[in-house]
Each structure stands twice: as structure tokens, then as C-alpha cells.
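Residues per chain are reported as follows:
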Amino acid sequence: MAPVVKVEGLRVTARDGRGQQNVIVNDVSFEVNSGEIIALIGESGSGKTTIALSLMGYARSGTRIAGGKVTFDRREILSLTQRELSSLRGRDIAYVPQSAAASFNPAKPLLKQVIESSQIHRVMAPAEARAKAVSLFRELGLPNPELLGTRFPHQVSGGQLQRLLAAMALVTDPKLIIFDEPTTALDVTTQIEVLRVFKKAIKERGRTAVYVSHDLAVVAQMADRIIVLRDGAIQEVNATQYILTAPKSDYTRTLLAAAEPQARAVTRQASGTAAASVIEVKNIVAGYGARDREGFPAVPILRDVSLAIRPGTTLGVIGESGSGKSTLARVIAGLLPAARGEVQLNGVALPKSAAARTRDQLRRIQIVFQMADTALNPARPIGRILGRPLEFYHGLRGARRARRVAELLEMVRLPATMAERYPGELSGGQKQRINLARALAAEPSLILCDEVTSALDTVVGAAILDLLVELQRELGIAYLFISHDLSTVKAICDEVMILYAGQIMEHGTRGALCQRPLHPYSELLISSVPELRQGWLEGISETVLKEASGGIVRRAGAACSFFERCSLRIPGRCDVEPTPLRRFSKGADIRCQRTETELIELAAQRDANEISGRPEISEPRDFGPGRGAQLIAW
Amino acid sequence: MIAAQKAPASARRRLRLPLAGIIGAGIVAFWVLMAIIGPYIAPHDVGALIDNDLFGRMRWGLPLGSDYLGRDVLSRILVGTRYSIGVAAAATFLAILMGGTLGMLAAVSRSAVDMVLSRFFDMLISIPSKMSALVVIAALGSSIPVLIATVAVIYTPGAFRIWRALSVNVNALDFVEVARARGEGTAYLIREEILPNILGPVLTDFGLRFVFAILLLSSLSFLGLGIQPPNADWGSLVRENINGLADGALAVVMPSFAIATLTIGINLVIDNLPGRWSSTGER
Amino acid sequence: MAMLTLGFVSMAVFAGTEILPGDVAEAVLGQNATPEAVAGLRHALHLDYPAHIRYFLWLIGIFSGDAGRSLANNLPVTELIASRLPNSLMLASVTAVVSVPIALTLGISSAIWRGSFFDRAASFLTMSVVAMPEFLIATLAVIIFAVNLRWFPALSYAAGMVSINQFFNQFALPVFTLSCVLIALMMRMTRAAVIDTLRSPYIEMAVLKGARPIRLVLTHALPNAIGPIANAVALSLSYLLGGTVVVEIVFGYPGLARLLVDAVSNRDMPVVQACVMIVCSAYLFLVILADIAGVLSNPRLRYR
Ligand SMILES: Nc1ncnc2c1ncn2[C@@H]1O[C@H](COP(=O)(O)OP(=O)(O)OP(=O)(O)O)[C@@H](O)[C@H]1O
Ligand code: SF4
Ligand SMILES: [Mg+2]
């Protein structure tokens, strides 16, 4: 049988800022067979999306399909007219984009948009299309399928929108569906369910699909075959199992290695030593919006958060999007004055707002942001960006300043000539190094790292992590390391704090987080991270699935915010009484109504149920209370 | 990520204009040059009655003919350039100085300052510009300082709005937050972090506002409320010679032509600037 | 909010007219008035009260429909305005009816076929119109239509509606001039607003669903551009009330703006105050309408 899609010698060029043509996809050829899910994997800029879009004969503005042949369903796509292409798009080939929130028209109700392509192409009557959409909603596990369509995009959560996009793609029964990083913008817990319904929908229908992603673990769940891309060229094409177990190209091996980071942090002095903390945060309450008479914000985000970091160590903070991680960093930096509580630097209470702090206090706490691009003033050369804190905090000028700038650049492993360049000329990884150098320029005791590697590719991000660890060893700086990614946190942190809806759920050493009992939310978070093996997605337990599908619900008062989703909840107690924060014998603080013994027992029961209830999982989960200590393979 | 891509690029790169833009730039440059050297190259004295014919045709020595009193039109236009462009430029500059500074200040300050300033200018903007100009000029009489001040005040709220909107966008970027966490003061934030990154659009805004100022000033002169005799800008020249309109006298056509070429020239430049320079202006 | 703004504007207007140099009573009565006469008039005009009291007296007067008497001819201001306002409203509404549909159609079509010859020609034309002073357009209109073609009289005067023909003749040129400016302004803003929304990712999504350009603009971009477009229309229409000075003078049209200019040159403050208040209220009213349109078109604001 002829392949559904055949790409031969595809070449795409793009005009850059100076008007020069660059080749962004070079001589790419592959085939997609009927009923197959094929994945395009590569880092940002490797041309994944560009290739996927050119399957529909579409080139983003500024790019141009310069050569090659794309055959879809025996038609030569690249030689079709605009009109013919339009009649193909949405009917025979459907596209599921990355950002669901931006891809829905905010002014139109959802159902109208979901069935739009069926109406444009007149493949069915409106009533029929609506009925089909509703049945798709049901199939995709969307709540309230009958009424959902009358809502507007802003009234629906991100994970649901993403599933609505899938419904939109499926409504015309296209021959080929293209998924472009459909879960990248989602939290891990949300991602699980979306992946599952996507896979089910494609497989049950026997659809052909192209799945674009940068995440190997995700692709391992979805694809039959994987195409590895780098700089617009194909590195390796093979069936998923071979890519994972027997990669041929070096680049694939690097990707695999970067996807499973090793622990980098040197374990320093045993925990519990009495070294004074650099920073101590006590019972912070903070939020946004108007403040009432007692200074309490209208939208409280952080509720009673406390932490301490010893010199030269790293505290990791993880949590879902919106859990208040960045808010915590902003409170410590004085950018958002807290409503309650206090921040102490070396035992001295700091004024709440940065404006009131002394220059030396400001110097000791530096902040590095996630978006390397927006964190550097594009109108100033690197030398000046790095020079300013030197001048501001240390009064360095002239040649001494220039010398120090060169030293800083060397510290972050960049050439001294970089000082004359502008941020726009640097790559993402280089920019993030400059950000780090700027923080180092102040010679701080603490650096707040807010998602410093999230916007970077795995390989580049891994290099930044290495750099952070080395700098810590050399200079003894403490880090508050914020991330939503468990594997990054486990790679470099001594202690980990899990935040949920602005409350600390669990806080302990890295080791303690590998041991049962875990807080129910920690358990969910850990089991939601995709593993780099096929079949992980199918093996997820029902409990995890159920918990994962809920979203953050902010509750007022001191009751447990995880109540709605928790499978171990005690109604009448968890949602009413203030939740105690208890120290467990493994050396972690856990905020839960359940006691240590209860949690151990319940986890044991759960595992037992799962194994008996799901015989298809051949190997038992490799952790259980019976095995004791090292449970989850960090 | 979107915000990241929209972050203004450094303004150092060379500007490349399409042909229409180059033509526009040429016209503007010509008139600016005339504003500077016009009075020195004018062939006749502006006040001298040199032609016995009223609304004389063009001829040797009087390349653009004569006006309603028999004065040399070319000389009067050349000298008028200085008033038309000079007053408008001074007024625009002042408007931008006030509106722009306050706009950036509002963007980087706390919400309370921002709100007070924004509300204040929202209110000012609701008074139509020609009306306020008329009232003030009626009250204080028309002189060049009064004209400059009035037009400046009229365009301040608009400048404030645009500068504030542009600055708010930049202010939301992380590098400003970094500077703030470093403990930098408001003046530094405005000067080093905000201003360099809004320079492109802001220059565009200057151009647009300058056009509005020229239009307003020439309308005032046309109504007899602008530059007062014996001085004359282009608007007053049109007014003086309006009687020659029916015969299509050069004395009324040429000043109109001057106004139109200058404003169209500026618009051509602005419309053809690369995207990152653009700003949206309102009249 | 709008009331607050109006209050502020009234204060500004009052203060503005208050700081004018010269004593009104003396100005009215002339140089050789007896001191008693001046004092009497000052009392009659409440000029012997402190400023803030006079402000409130004036404000109460305005709201109860009594804006005082004109200083120039001693007629009630309300009457003066009543004789002019219908003319102005008539001119404004005729112009609005003519220009809004044309401008929106042109703006939207340019956005659909952006980059085409039609779009570039329309852009250049409207740009030139926006860049020209109104008096130039008005005089051009006079030269072409009244002087060369002799279609219409150069002056218009609304002295009672006689026949359709006459009605048309009176309005044609002022409406033409105002429409030119207005269409150009609104068309540019409409085009910009639509094109701005065309850059959103959901438009790309619609392209990938197979939507063609007309559908993209009409069903995807337009609903999201209604807010900005309504604002543009409000802004342009408010210009019809305050910005018609030049046109009214060139065509000798007896509207509100002429009344204002005359009042300004006579230092007839009660008339000036009342006129400015009317125009500002109209502007605020339009802005509120535009805001309401914006909210209604945006589900985010409609449902929380
Ligand atoms: N300036 C603001 N005004 C109002 N609400 C805000 C503001 N900034 C953040 N929030 C809200 O505060 C909550 C916590 O935000 P925060 O940025 O701290 O989360 P986060 O854990 O860092 O999330 P992410 O992983 O997405 O970065 C979110 O619900 C967010 O919408
Ligand atoms: S307190 Fe209750 S609801 Fe909250 S995590 Fe513990 S068991 Fe679950
Ligand atoms: Mg964050």
C-alpha cells in the first residue's frame, strides 16, 4: 500500500532579521504509512513545526518552501493552488497546535469553532456535526459534553482546551492528523490524561498521525516510529523501541542521556548540622490584587510558607503552574511585599519591599528568570549589562570594571569578546549564562533561580545545571531553585519543597522524597512524570488518573487545598480542620491529616489493589512499603 | 514566548526604507533645510511690493508669481517655512517632553501614581483640540509663545497615552524587574531600561504628532488665529490669498502644496518604516 | 466615571474662562461706564461672589437648562444654542450616515486584500487626506464642485428646509469635506485594528482548518476587532462635533462651532462655557457607547 504521506528532499528557507535567506529545513525525506503514528523529535529550532506545517502546504510568514516534494494521498501538495490547499486543510489533514489557549478565537463559543471545519468543507449538516462533536467530547473525557460547546475559551481549563482541539481535528475524520507539541504547555498531571485520550482516539480509529515533540519520554508513549531531527536535517529514523534501546546516531544518544539527568549535587555535610541559614522565610502570606484594611491581598497566593536555606546548598521548589513558585521568589527578592510573615537574611529581618532594603542586603540576594530573552535589555551591550551591578554594588569603574566583566564571562564559560555583543545576537543558552553572570557580579549569598532551564532545550539546559553546580562548589552560593520539572530538581537540589496552591505539602531532603510515606500530592506528582519506556502511559493506575484530572482549586482558610483531588481524603475533616504540618521519621515535613502509619498502610493497599486489578502490567511497580528505603529510582 | 519574540531589537541596525519611504524622507529633508536657510536664500524682501499685478503669473524673477498685494510668493513661502515647521516642531517637542516623561513615569511607578496620571490625561483628552486651542488663544491673544504652549498642551495627553502604553509593555519584561530587584531608582529605570527600548515607535509617534501640530497650526492661521501679520506661515498665506482661489492663483496653491507635501512626506516615511518602529497614533 | 470626567471638564472650562484677563463687566459696558453701572452689572452676573460659589451657581444653572445670558447680545444662551444645535446635529448625522458605512467597508476590504493594488491605492489616498488640513479639502471641494462644475452653491445656510433639492445643495459640500476626512481616519483605524487581530495564532489555526481569506476576516478577525473599531468610530464622530470649525467657516454654515468661534472672539463666556460643555458631553457619551460595544463583543468581559 502506498504511504499516506511521502516527503522527498524537502527544503525550507527563512529570512532573518537582516533579510538573508537561511535554510531551516534541509533535504528531509520520510514516509508515513497508513495507521501509523510517527514522531518528529528534536530541540527547538530543529525545524519540527516547519516540517509538520509544510505537510499541509503551509509556510509561516517569513519562511518559504524552497524545494522538494510532498505527496499526500497521491496528490502533490506543493503544487496545489491556495484554493485547493484550503479544501484539503481541515478536511483531509487536521492540525492540533501547541498552545490551545491562543488557538481558540476568544470571541466565539467553543462548539462553533470545533465544527467549523466541517462547515467550511460542507462535509455534514450542522446538526449532524454538533451531534458528532458532542459524542467526541464524551469520548475525550470532557466534562458536561452537552453544554460545554456553549462556553467560551476563557471559561475552560488548558487541558480541556487541548482536548477540544483534538475534537476539532477529529470532527471531519481526516486521513492525517498533525499534533504539534500538544502537551508541552501543560502540567505533568494534566498531560497524562490528554496523552491518554489522544492515543486512544487515534488508535481506535486507526488514524495516521504525525506527532511533533521535544520530549522523548512523551514520544515514547505515543509513537510507532521516531524521526530524530537536528538543525533541519534528519539524524535517525527508527521504530520507537530501537531508538530508545539501541540508538544509532550520537545525537540520539545525547538526547537520551539528557532526558535522564544524573544527580549532580555533591551531598554536603549531613543534614541537620547547625550551620546558620543564609535565608529564612517565616510564615509568609502574599498575593495580588487590592489589599484590605489589614493589608491582606484580594487574591492570596502563598499561604503560610516557611523555609530556610543553609550556605552553599540548594533548595528546590516544585509545583504545578500557578502554585505560587514565582510569587515566592518575588517575595524574597522584595518585588512583591508580603502581607504577613518575614524574610530574614543571615538572621536579620529584611524590609518587605526592595525599595526599603539597603544596597548590601539587595546585593546578597539575586534573581535569575526563566525567559532568558526578556531578562536582558536588548538595547544594551553585554559589557554594560554586566558592568552595571559591578558599578552599582561595588563601585567598580573603567578598566577595573572591564577586567571584572571579562572574569565573569569566563566564569560562565563565555569568551571575553562577548562583552561587545548585544543580547539579540546570542543563543538562548548563552543568554541564560549572561543572566547568571549578572547575578554573580553582585557576589551574592543567594541566587533565586526561577525556572532557569525551562525555556531551554534539554541538552543546553543540562549544561546550565552543570554550571550552577560548579559555581556553587567554587563560590559557596546558596540557590533557591524553582522548577516544575521533577528531574531537574532531583538533579541538583539538596532539599526539595513541594508547593500546591500556595501551601507547602512536603518539605524534606532529596533522599526523603524517594522514600515512602509520601504526601498524597507528592505521590501524584512523582507518578505523573513520563518515563522513558514504552507502555508507561498504559500502566498508570486509576487513582493517579483520577487525581491527575482535577485542576488546582484554591480554598480559603487553613484546610487542605488538595482535598478535591485527593484519593485518601477524609471528608468532614480534611476540608474543615486546619491541616497539621508534621515531621515524619524519614526526615520530611508533611502537611496532611493522615498520620505516618496511615499513609504507609494506605499506600500498601493501593499498590496491592492495582496489581490485582490490572493484570496486564507484568512487572510490579518497583516500589512498595515492603521494600523499604530507596523506592523511586531518582 | 510571544513577548520574548516581540522584544524590541537593538536600534543600531541600519534602516532600510522602500522607495516610497526614501521619497518621503527626501521631501522632509528638503523642507527642514528650507526652514533653516529659507530666509537667506529668499530672492526678495517678504514685505516688499514688487509687482504691480495682483496675483501675478509666474515669470522670470517671480518664479511663483505675486500675491494679493503684489509681493513675491516664493520668498513668502520660504520665510513662512520657518514659522510652520519651527512652531510645530517646538510644540511637538514640548508635548513629547511632558507627555513622554510622565508616561514613562506612570508606567514604572506604583499603580496609584499611574492611575492618577492616566485618569487626569483621559479627562484632558476629552476636550476637542481645536476647541481648547480657540478658547486659550481667544483668552491670551495669539503670539508665537502662546501658540507653542497651547499646541504643546493639546498634544500632551496623546503623547502620554502612547508613551505610557509602550513603556508598560517594556516594563513588564524581566530585565526591568531585575533592575528593580537590584535596587535601581525610577530615573535609572526610565533612562536605561525603558527609553532605549521604545525609541523606534516613539520617534514614529513624534512624526505623527508633528503632522497633527502642523495641521492644527495651519488651520488656526487659516482662521486668522495663528501666526499674526506681518509674519506669516503657510496657513496664513492661504488665508491672505483665498480670493485668488477661483482663478487658481499660485499664491494660494503653492502654500497649500507646501503643507500637503510636508505632511504627506512625513507620513510616507512613517508608513514605510519597519514594523518594530510602528506605533499607533490618534489625531 | 464619565460623570466624574464631566465634572472635571466643567471645572477646567470654568477655570479656563475664569483666568481670562480683564473684567467682564467693564468689557461689556465699555470704557466710559459709571462705576455704579459696573457694580450693578457685576452683582447681576454674580461676579461679586467668590469663584467657587460662582462655579456652583453656574453648574446648577447648566443642569437646570439655564446657562445664563449671552454677554454680547443679552439673549439667553440656551436660546442661542437651540438655534444652532439642530444645524450641527443635522450636519453631523448626515455625515456620519454617509461616512461610517463607507469607511468600515473600505477598511475591512483593505484588510482582506491587504497588500493588493486596491489596498495600497486606498492607503495612499486616505493617508494623503489625513495629511491635508481640512481647509485645503474644503477649498478644493469649492473649486471643483462649486466654481468649476457649478453643481452646488459655495455657501450653505440652513434657513428652513424648502425642498429635497435645496436640502441636498446645502449639505453637499460640507458633508463631502467632512466625510473625506472622517472616512480616511476611520478606514485607517479599522484596517489597522483588523490587521492587528489577523496576527493572532487563532487566525493561523483557522487557515489550517481550511478557511479562506474572506471568512478569516469576517468571522474570525472582525468579532475580535469590534472593540477597537468602535473606539475608532467614536473618536472620529466626536471630531464631527468639535472639529467642524473650519468647515463651518469655509462654507458659512451656521453651526455650533461657528457660534463658539464668534463667542470666543467676543469674550462671550457663558456661551463658550455652554458650547464646550455640550461638545465634551457628546464626546463622553460616544466613548461610553464604544466601551459598551467593546464589552458586548468580548465574551471575556461579558461572562466572568
Ligand atoms: N501580577 C499578578 N496579578 C495577579 N495575579 C497574579 C500575578 N502574577 C501571578 N498571579 C497569579 O498568582 C498565581 C501564582 O503565580 P506564580 O507565578 O507564582 O505561579 P508559578 O508557580 O510560578 O507558575 P508557573 O509554573 O506557571 O511559572 C497564579 O494563579 C497567577 O495567575
Ligand atoms: S489532608 Fe486529607 S485531603 Fe489533604 S492530602 Fe492529606 S488526606 Fe488528602
Ligand atoms: Mg513561574
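For clarity, every value in this text was computed on a predicted model and none was experimentally measured.

## Some thoughts on the sheet that holds strand β13 (residues 314-318) of chain A
Residue and element names in this part refer to chain A.
Stage number 1. A sheet is described by the order of its strands in space; here eight strands give the open sequence β16-β17-β18-β13-β19-β20-β22-β21, paired in mixed fashion. The open sheet is flanked by β16 (365-368) and β21 (581-583), the only strands paired with a single partner. Put simply, the sheet's adjacent strands are angled 20° from each other on average, direction ignored.
Stage number 2. Pairing of β16 with strand β17 (residues 446-450) involves four bridges; the strand directions are parallel. Paired with Q366 across the bridge in β17 is I447.

## Regarding the interface of chain C and chain B
Stage number 1. Taken together, the contact between chain C and chain B spans 41 residues of the former and 34 residues of the latter.
Stage number 2. The tally of links between chain C and chain B comes to zero salt bridges.
Stage number 3. At the junction of chain C with chain B, the criterion picks out zero residue pairs in polar contact (both at pLDDT 80 or more).
Stage number 4. Taken together, the elements giving at least two residues each to the side of chain C that touches chain B come down to α1 (2-18), α6 (117-131), α7 (134-148), α8 (164-198), α10 (213-242), α11 (245-250), α12 (256-266) and α13 (269-297) of chain C.
Stage number 5. Of the residues in the side of chain C that touches chain B, the class split is 33 nonpolar, five polar and three charged.

## Things to note about the side chain of T13 of chain A
Residue and element names in this part refer to chain A.
Stage number 1. Relative to the elements of secondary structure, T13 occurs in strand β1 (residues 5-15).
Stage number 2. Taking the relative accessible area as the measure of exposure, T13 reaches 5% and is therefore buried.
Stage number 3. Setting aside anything within four residues of it in sequence, one finds T13 in contact with Q21, N22, V23, I24, G62, T63, R64 and A66.

## Some details on the confidence of the model for chain B
Residues and elements named next belong to chain B.
Stage number 1. When pLDDT is averaged along chain B, the result is 78; 82% of the residues meet or exceed 70.
Stage number 2. The least confident element of chain B is helix α1 (residues 2-6), whose mean pLDDT is 36; the most confident is helix α7 (residues 174-182), at 89.
Stage number 3. Taken as a whole, residues 1-14 scores under 50 in pLDDT and shows 16 contacts with residues more than four places along the chain or in a different chain.
Stage number 4. Between residues 279-283, whose pLDDT stays under 50, and residues either more than four places distant or in other chains, the model counts 19 contacts.

## Side note on the pattern of salt bridges
Residues and elements named next belong to chain A.
Stage number 1. Evaluation of the coordinates by the stated rule reveals 45 salt bridges over all chains.
Stage number 2. D92 is the partner of K175 in a salt bridge, and the nearest nitrogen-oxygen pair spans 3.7 Å. Of the two residues, K175 is situated in the loop between α8 (158-170) and β7 (176-180) and D92 in the loop between α2 (82-88) and β6 (93-96); the sequence distance between them amounts to 83 residues.
Stage number 3. For K175, a relative accessible area of 37% translates into the label partly exposed.
Stage number 4. On the basis of relative accessibility, which here comes to 11%, the residue D92 falls in the buried class.
Stage number 5. In this structure, E470 and R413 form a salt bridge, with 2.3 Å as the shortest nitrogen-oxygen distance. Here the residue E470 occupies a position in helix α18 (residues 458-475), and R413 occupies one in the loop between α16 (398-411) and α17 (428-441), the gap between them amounting to 57 residues.

## Let's talk about unusual backbone geometry
It is generally the case that most residues other than glycine have a negative phi and that most peptide bonds are trans.
All names here are of chain A.
Stage number 1. Even without glycine at this site, R122 takes up a positive phi of about 50°.
Stage number 2. Positionally, R122 belongs in the loop between α5 (116-120) and α6 (126-139).
Stage number 3. Positive phi, normally seen in glycine, also occurs at N283, with a value near 45°.
Stage number 4. Along the chain, N283 falls in strand β11 (residues 279-291).
Stage number 5. By relative accessible area, N283 is classed as partly exposed at 41%.

## Structural notes on the site of ligand 1
Residue and element names in this part refer to chain A.
Stage number 1. Every residue near ligand 1 is listed here: Y288, I301, E320, S321, G322, S323, G324, K325, S326, T327 and E451.
Stage number 2. Between ligand 1 and Y288 there is a distance of 3.5 Å, counted from a nitrogen atom to a side-chain nitrogen or oxygen.
Stage number 3. A distance of 2.6 Å separates an oxygen atom of ligand 1 from a polar side-chain atom of S321.
Stage number 4. Relative to its unbound accessible area of 640 Å², ligand 1 is 58% covered by the protein chains.

## Some words on the interface of chain A and chain C
Stage number 1. If you look at the interface, chain A gives 28 residues, while chain C gives 20 residues.
Stage number 2. The junction of chain A with chain C conceals about 2,300 Å² of combined surface from both sides, 57% of it contributed by carbon and sulfur atoms.
Stage number 3. Remark: the boundary between chain A and chain C carries three salt bridges.
Stage number 4. A salt bridge links K209 of chain C to E116 of chain A; the nearest nitrogen and oxygen atoms lie 2.9 Å apart.
Stage number 5. At the junction of chain A and chain C, the tally comes to 12 residue pairs in polar contact (both at pLDDT 80 or more).
Stage number 6. Breaking the side of chain A that touches chain C down by element, the ones donating at least two residues are α2, β6, α3 (100-103) and α5 of chain A.
Stage number 7. Looking at side-chain class alone, the side of chain A that touches chain C contains 13 nonpolar, 10 polar and five charged residues.

## Structural notes on the confidence of the model for chain C
Residue and element names in this part refer to chain C.
Stage number 1. Taken residue by residue, chain C gives an average pLDDT of 76. The fraction at 70 or more is 72%.
Stage number 2. Confidence, read as mean pLDDT per element, is least for helix α2 (residues 24-29) in chain C (58) and greatest for helix α9 (residues 201-208) (88).
Stage number 3. Under a pLDDT of 50 for its full length, residues 157-161 has, in the predicted model, seven contacts with residues more than four places off or in other chains.

## Some thoughts on the environment of A95 of chain B
All names here are of chain B.
Stage number 1. Among the secondary structure elements, A95 is positioned in helix α3 (residues 73-108).
Stage number 2. According to the relative accessible area criterion, A95 is buried, its value standing at 0%.
Stage number 3. Sequence-wise, A95 and D72 are 23 residues apart; in three dimensions their C-alpha atoms are separated by 35 Å.
Stage number 4. Apart from the residues within four sequence positions on either side, A95 is in contact with G100, A152, Y155, T156 and A159.

The rules behind each value
Residues numbered from 1 in each chain as written. Chains lettered and ligands numbered in written order. Predicted model: local features only at pLDDT ≥ 70, side-chain atom pairs only at ≥ 80, totals over all residues. Heavy atoms only, no water. Pairing = 2+ DSSP bridges. Helix = DSSP H or I, 4+ residues; strand = E, 2+ residues; numbered from the N terminus. Axes fitted to C-alpha atoms, helices over the stretch in contact; angles between N-to-C directions. Contact = heavy atoms within 4.5 Å. Salt bridge = Lys/Arg side-chain N within 4 Å of Asp/Glu carboxyl O. Polar contact = N/O pair within 3.5 Å; in protein donor to acceptor, adjacent residues only side chain to side chain. Nonpolar A, V, L, I, M, F, W, Y, C, P; charged D, E, K, R; others polar. Buried < 20%, exposed > 50% of the residue type's maximum accessible area, 1.4 Å probe, protein only. pLDDT = per-residue confidence, 0-100. Near = heavy atom within 4 Å. Areas by Shrake-Rupley, 256 points an atom, 1.4 Å probe, with all protein chains shown as cover. Buried area = accessible area lost by both parts, 1.4 Å probe.

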